Amino acid sequence: MRIIAGKARSLPLKTPVGESTRPTTDRIKETLFNMLMPDIPGCVFVDLFAGSGQIGIEAVSRGAKKAYFVENGREAAACIADNLKFAKMTQETVLLKQDVYAALYVLHEKAVDIIFADPPYGEEHYEKLLSVLRDRSYVTEDTLLVLEADKGQDFGFVESYGFFVEKEKCYKTNKHVFLKKAF
């Protein structure tokens, strides 16, 4: 696993040991960032269920002015800290070693531009995330929420939480769903 583009291009990243994380492949990460690239420079980026931190690190490498990494797992959080130090990104990043839902209440940004979430598949995280995010003042009409999910995950429920699906990008086994808040 490596940083694909930007100021830290080609740097290798560590991944947490064990089966507790599913690192996004370089090919899928590249496709995702090709879609996000117009919004990355100067943005505030939040990486939820961050795992190794590779998604938020890629955003900073490509020009995000600030990135938050939220990870509750001890080994994964240590991996993110190591990766941030190795990539020399400690000044523009914040690592929150806590539960994702608690962290959503402590973010003190006027606006967040992109929120990326890759929760464990098969659990009920998507609806819980939307129920919290709909009431956060930093989620504006311009905030893009990107959810990584199993390809079969149905997102027909998002409208009941005040969001709408802007687009979906499907891969072999998973997909990225791009949501915006309905105003």
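What counts, and where the lines are drawn
- Residues numbered from 1 in each chain as written.
- Predicted model: local features only at pLDDT ≥ 70, side-chain atom pairs only at ≥ 80, totals over all residues.
- Heavy atoms only, no water.
- Helix = DSSP H or I, 4+ residues; strand = E, 2+ residues; numbered from the N terminus.
- Rg over C-alpha atoms; globule rule 2.2 N^0.38 Å.
- Contact = heavy atoms within 4.5 Å.
- Areas by Shrake-Rupley, 256 points an atom, 1.4 Å probe, with all protein chains shown as cover.
- Buried < 20%, exposed > 50% of the residue type's maximum accessible area, 1.4 Å probe, protein only.
- Pairing = 2+ DSSP bridges.
- Right-handed = clockwise from strand over helix to strand, strands pointing away.
- Core = buried A, V, L, I, M, F, W, Y, C linked by side-chain atoms within 4.5 Å.
- Axes fitted to C-alpha atoms, helices over the stretch in contact; angles between N-to-C directions.

Engineer: Could you give an account of the overall build of the chain, naming the residues involved and the relevant values?
Structural biologist: Per the secondary structure count, the chain includes five helices and seven strands. The C-alpha atoms of the chain give 15 Å as radius of gyration, which agrees with the globular expectation for 183 residues (16 Å, within 12%). By its C-alpha atoms, the chain is 40 × 35 × 30 Å across when sized along the principal axes. Contacts in the chain between residues at least 24 apart in sequence constitute 66% of all its contacts with a sequence separation of at least 6. If you sum the accessible surface of the chain, you get close to 8900 Å²; carbon and sulfur atoms cover 49% of it.

Engineer: Let's hear about the pairing of strand S2 (residues 66-70): which residues, and what values?
Structural biologist: Summarising burial for S2: four of the five residues are buried, a large majority. As defined by bridge partners, strand S1 (residues 44-48) adjoins S2 across five bridges and the pair is classed as parallel. Along S2, the bridge assignment pairs aspartate 47 with phenylalanine 69. Between the parallel pair S1 and S2, the chain is carried across by helix H2 (residues 54-61), and the sense of this crossover is right-handed. Alignment of S2 against strand S3 (residues 93-96), held across four bridges, turns out to be parallel. Following the sheet pairing, tyrosine 68 is matched in S3 by valine 94. Between the parallel elements S2 and S3, the chain passes through helix H3 (residues 74-86) in a crossover that is right-handed.

Engineer: Before we move on, can you summarise the side chain of lysine 29 with the specific residues and values?
Structural biologist: Mapped onto the elements, lysine 29 comes out in helix H1 (residues 26-36). Using a relative accessible area of 0% as the deciding quantity, one classes lysine 29 as buried. Setting aside chain neighbours within four positions, we find lysine 29 in contact with Met1, Arg2, Ile3, Ile4, Thr24, Gln54, Ile55 and Glu58.

Engineer: Kindly report on unusual backbone geometry, identifying the contributing residues and their values.
Structural biologist: Residues other than glycine seldom take positive phi values, yet phenylalanine 49 does so here, at roughly 55°. Here phenylalanine 49 shows up in the loop between S1 and H2. You will see that lysine 88, though not glycine, has its phi angle at about 60°, which is positive. On the secondary structure map, lysine 88 appears in the loop between H3 and S3. Given a relative accessible area of 70%, lysine 88 falls into the exposed group.

Engineer: Give me the lowdown on the nonpolar core, citing residues and values where you can.
Structural biologist: Counting 32 residues, the largest nonpolar core has Leu48, Leu104, Ile115, Leu129 and Phe163 as the members making the most contacts within it. Mapped by element, the contributors of at least two residues to this core are S1, S2, helix H4 (100-103), strand S4 (114-117), helix H5 (125-133), strand S5 (144-150) and strand S7 (174-181). If sequence neighbours within four positions are ignored, leucine 48 has contacts with Val70, Val100, Leu104, Ile115, Phe116, Ala117, Asp118 and Leu129. Leu32, Ala50, Ile114 and Val146 belong to the second-largest nonpolar core, a separate cluster that totals 26 residues.

Engineer: Lay out the sheet that holds S5 in plain terms, naming residues and giving numbers.
Structural biologist: Judged by pairing direction, the sheet is mixed, and its seven strands sit side by side in the order S3-S2-S1-S4-S5-S7-S6 without closing on themselves. Edge positions in the sheet fall to S3 and strand S6 (163-170), since each has one partner strand and no second. In this sheet, adjacent strand axes meet at a mean angle of 15° when their direction is disregarded. In terms of strand pairing, S5 meets S7 through six bridges, oriented antiparallel. In the strand pairing of S7, alanine 149 is matched with lysine 175. Packed onto the sheet, H1 meets S4, S5, S6 and S7 and runs at close to 25° relative to S7.

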